[in-house]
Amino acid sequence: MSGGQLYDTIGATYTVTRRTEPRIAARIWGALGDARTVVNVGAGTGSYEPPGRDVTAVEPSAVMRAQRPAGAAPCVAAAAESLPFEDQSFDAAMAIATVHHWQDPVAGLREMQRVARRVVVFTHDTSDAGWLRRFWLTRDYLPEVGDFLVGRPSLTELAGAIGARTEPVLIPWDCADGFLEAYWRRPAAYLDENVRRGVSGWARVGPQAEQRAVRSLIDDIASGRWAERNHDLAALDAAELGLRLLIT
Ligand SMILES: C[S@@+](CC[C@H](N)C(=O)[O-])C[C@H]1O[C@@H](n2cnc3c(N)ncnc32)[C@H](O)[C@@H]1O
């Protein structure tokens, strides 16, 4: 199943928990520099689209395109690997929380570089074995997420394909955008069905693994085991969980 088809299946409630996190947006918009024209690839419902610039969105899923708010930037139905634009048509191309869904991430990034003078990507460092072990959700409850990383290009390969530098992005404890790692200090959030439906990883592991993880987390929160195991998180305001900006 392509990434666009996946979101046609799972994307109907995306905006319930997924929205622009202002502190991460500030980093992305800063990386866009003085770009006036911006193409947002894998744009989804429009999170992180910068105000005050001329934005064109690209999104393959009709279900996601249909949830873009009235007045959002115009959106083209296409995929990253084959962008329907002339060479160097934009000042910048951005891709947020989407590269891990692309069938050919390197081809998609090269397409972004073909159509724009600058590329800004927000993704996670899948080459970092520590990411799965450091994050309690994937370490203790949902190790199946690691299976999705098999055969995917590393962050180093992605950055190398477009000559990008990488910058870490810490996740604030009260992150407004409900991606997989967002609730690292708020474990009870993962017991909310809406939170899980907003993250493709929960759908991809399948209902058995999901229910096992949820049951186990309920037990550990109730018994105090989660708090005991993760007591060091209570003092943190932001966590380093492998999220990165790639910037050319
Ligand atoms: C997690 S959502 C992120 C959406 C948005 N960028 C955001 O930050 O909320 C991932 C998006 O990538 C899109 N996608 C999947 N495969 C794609 C591809 N090959 N090219 C472009 N977008 C793709 C999905 O349809 C989905 O809308």
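Note that the structure is a prediction, hence the values are computed from the model and not measured.

## Observations concerning the pattern of salt bridges
And then number 1: Counted under the stated rule, the structure contains 21 salt bridges.
And then number 2: Taking the shortest distance from any N to any O, the salt bridge between Asp87 and Arg114 comes out at 2.7 Å. Remark: Arg114 occurs in helix 5 (residues 105-115) and Asp87 occurs in the loop between strand 3 (75-76) and strand 4 (90-96); sequence separation between them is 27 residues.
And then number 3: Connected via shared salt-bridge partners are Arg139, Asp140, Asp220, Arg225 and Arg229.

## A look at the pairing of strand 1 (residues 37-41)
And then number 1: Burial analysis of strand 1 places five of its five residues in the buried class, the great majority of the element.
And then number 2: By the bridge criterion, five bridges tie strand 1 to strand 2 (residues 54-58) in an arrangement that is parallel. In the sheet register, Val38 faces strand 2, and the bridge partner there is Val55.
And then number 3: As paired strands, strand 1 and strand 4 are joined by four bridges and run parallel to one another. Within strand 4, the residue paired with Val41 across the bridge is Ala95.

## What about the site of the ligand?
And then number 1: The environment of the ligand is formed by 21 residues, the closest being Tyr14, Gly42, Glu59, Ile96 and Thr98.
And then number 2: Between the ligand and Ala80, the relevant distance is 2.9 Å, taken from a nitrogen atom to a main-chain nitrogen or oxygen of the residue.
And then number 3: Glu81 is positioned with one of its side-chain polar atoms (N or O) 3.0 Å from a nitrogen atom of the ligand.
And then number 4: Coverage of the ligand by the protein amounts to 98% of the 600 Å² it exposes when considered alone.
And then number 5: Looking at the shell around the ligand residue by residue, the class counts come to 11 nonpolar, eight polar and two charged.

## Focus: helix 1 (residues 3-10)
And then number 1: Taken residue by residue, helix 1 has Gly3, Gly4, Leu6, Tyr7 and Ile10 as its buried positions. For helix 1, the buried positions fall inside an angular range of 155° around the axis, keeping them on one side.
And then number 2: Packed against the buried residues of helix 1 are helix 2 (14-17), helix 4 (62-65), helix 9 (193-197) and helix 10 (200-205).

## Focus on helix 5
And then number 1: For helix 5, every residue scored as buried is listed here: Pro105, Val106, Gly108, Leu109, Glu111, Met112 and Val115.
And then number 2: Buried residues in helix 5 make contact with strand 1, strand 4, strand 5 (116-124) and helix 8 (155-162).

## Comments concerning the nonpolar core
And then number 1: Counting 49 residues, the largest nonpolar core has Ile28, Trp136, Tyr190 and Trp202 as its most contacted members.
And then number 2: Within the residue set of this core, elements represented by two or more residues are helix 3 (22-31), strand 4, strand 5, helix 7 (136-141), helix 10, helix 11 (207-223) and strand 9 (243-247).
And then number 3: One finds Val39, Leu83, Phe90 and Trp102 within the second-largest nonpolar core, a separate group that totals 26 residues.

## Examining the sheet that holds strand 1
Sheet strands pair via backbone hydrogen bonds, and the direction of the pair is either parallel or antiparallel.
And then number 1: The sheet built from seven strands is open, its strands ordered 3-2-1-4-5-9-6 with mixed pairing. The sheet terminates laterally at strand 3 and strand 6 (165-168), the two strands that pair on one side only.
And then number 2: Across the sheet, helix 5 is in contact with strand 1, strand 4 and strand 5; its angle to strand 5 comes to roughly 150°.

## Structural notes on the packing of aromatic side chains
And then number 1: Applying the stated criterion across every chain yields a total of nine aromatic pairs.
And then number 2: Note on Trp136 and Tyr141: the rings are 5.9 Å apart at their centroids and 90° apart in plane angle, and the pair reads as edge-to-face.
And then number 3: Through successive ring pairs, a cluster of aromatic residues spans Phe135, Trp136, Tyr141, Tyr183, Tyr190, Trp202 and Trp226.
And then number 4: When the ring centre of Trp202 is taken as reference, the NZ or CZ atom of Arg196 above it lies at 5.8 Å.
And then number 5: The ring of Phe148 has Arg204 lying over it, and the distance from NZ or CZ to the ring centre is 4.1 Å.

## Let's talk about the side chain of Asn40
And then number 1: Position of Asn40 among the secondary structure elements: in strand 1.
And then number 2: Accessibility expressed as a relative area gives 1% for Asn40, which makes it buried.
And then number 3: Excluding its chain neighbours within four sequence positions, the residues that come into contact with Asn40 are Ser47, Glu49, Val55, Thr56, Ala57, Val58, Met94 and Ile96.

Conventions used here
The written sequence of each chain sets the order in which its residues are numbered from 1. Residue-level local features of this predicted model are given only where pLDDT is at least 70; pairs of side-chain atoms are given and counted only at 80 or more, and the full residue set underlies all totals for whole chains, interfaces and linings. Only hydrogens and water are removed before side-chain values are computed, so all heavy atoms of the structure are retained for them. Any carboxyl oxygen of Asp or Glu within 4 Å of a side-chain nitrogen of Lys or Arg constitutes a salt bridge here. Helix and strand definitions here come from DSSP, where helices need a minimum of 4 consecutive H or I residues and strands a minimum of 2 consecutive E residues; each element is numbered from the N-terminal end. For every residue, the accessible area obtained with a 1.4 Å probe (protein chains only) is divided by the maximum for its type, and the residue is called buried under 20%, exposed over 50%, and partly exposed between those limits. For two strands to be treated as a pair, DSSP must find no fewer than two bridges joining them. Throughout this document, a residue counts as near a molecule or strand when at least one of its heavy atoms sits within 4 Å of that molecule or strand. Pairs of N or O atoms within 3.5 Å make up the polar contacts considered here, provided that, within protein, one atom can donate a hydrogen while the other can accept it, and that residues adjacent in sequence are counted only when both atoms are side-chain atoms. Values of accessible area rely on a 1.4 Å probe in the Shrake-Rupley scheme; residue burial ignores everything except the protein chains shown. Residues are sorted three ways: Asp, Glu, Lys and Arg are charged, Ala, Val, Leu, Ile, Met, Phe, Trp, Tyr, Cys and Pro are nonpolar, and all the rest, Gly among them, are polar. Working note: the arc is built from the helix axis to C-beta atom directions. Working rule for contacts: check all heavy atoms of both residues, and any pair within 4.5 Å makes them a contact. Only buried Ala, Val, Leu, Ile, Met, Phe, Trp, Tyr and Cys residues count toward a nonpolar core, and they belong to the same one when joined by side-chain atoms within 4.5 Å. Only the stretch in contact is used when fitting a helix axis, every axis being a line fitted to C-alpha atoms; angles between N-to-C directions are given from 0 to 180 degrees. Any two rings among Phe, Tyr and Trp, with Trp reduced to its six-membered ring, count as a pair given centres within 6.5 Å; such a pair is stacked if its planes are under 30 degrees apart, edge-to-face if over 60, and tilted if neither. Distance and angle both matter: a charge sits over a ring if NZ of Lys or CZ of Arg is within 6 Å of the ring centre and within 35 degrees of the ring normal.

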